[in-house]
Amino acid sequence: TLDASTRPTFFELVAAERLGASLRDALAYALGTLANAGAPALAHAALDRGDEVFAVLSLLAEAKAFASGDGGVAESVYGLQRVP
């Protein structure tokens, strides 16, 4: 059962829900910065396939999170627990 001390707040739930979009934006910004600064060929290729790059990185991160814990990346980051 969940009591008041272990129940996630509304803000934690919203932040966990928006984590994927925030990470996608962060990846796009990082690739754009690399394209302008150091590794333009690699970064431009990754930017052209941004959705695919993000999908592969998300898959790897979620697989690692599920293998090492009870939930996905968002649950790990915000300390949320799944209740049966």
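See the structure above.
Computed from a prediction, not measured in an experiment: that's the story for all the values here.

1. Describing the overall build of the protein chain
Per the secondary structure count, the protein chain includes four helices and zero strands. Written out in order from the N terminus, the α and β elements of the protein chain read α-α-α-α. In terms of overall size, the protein chain is more extended than a compact globule, its C-alpha atoms giving a radius of gyration of 16 Å where 84 residues would be expected to give roughly 12 Å. Considered along the principal axes of its C-alpha atoms, the protein chain spans approximately 55 × 25 × 15 Å. With 84 residues in all, the protein chain has 18% of them scored as buried. Partitioning the intrachain contacts of the protein chain with sequence separation of at least 6 by distance along the chain shows that 45% fall at a separation of at least 24. Approximately 6400 Å² of the protein chain is accessible, and the part contributed by carbon and sulfur atoms is 62%. In the protein chain, which carries 6 positive and 10 negative side-chain charges, the distance between the mean positions of the two groups comes to 1 Å.

2. Things to note about the packing of aromatic side chains
Evaluated as defined, the whole model comprises one aromatic pair. With a centroid separation of 5.7 Å and an interplanar angle of 75°, the aromatic rings of Phe 10 and Phe 11 are classed as edge-to-face. A relative accessible area of 65% places Phe 11 in the exposed class.

Reading the values: the criteria
- Residues numbered from 1 in each chain as written.
- Predicted model: local features only at pLDDT ≥ 70, side-chain atom pairs only at ≥ 80, totals over all residues.
- Heavy atoms only, no water.
- Helix = DSSP H or I, 4+ residues; strand = E, 2+ residues; numbered from the N terminus.
- Rg over C-alpha atoms; globule rule 2.2 N^0.38 Å.
- Buried < 20%, exposed > 50% of the residue type's maximum accessible area, 1.4 Å probe, protein only.
- Contact = heavy atoms within 4.5 Å.
- Areas by Shrake-Rupley, 256 points an atom, 1.4 Å probe, with all protein chains shown as cover.
- Lys, Arg positive; Asp, Glu negative; His and termini not counted.
- Charge placed at Lys NZ, Arg CZ, Asp CG, Glu CD.
- Phe/Tyr/Trp six-rings, centres within 6.5 Å; stacked < 30°, edge-to-face > 60°.

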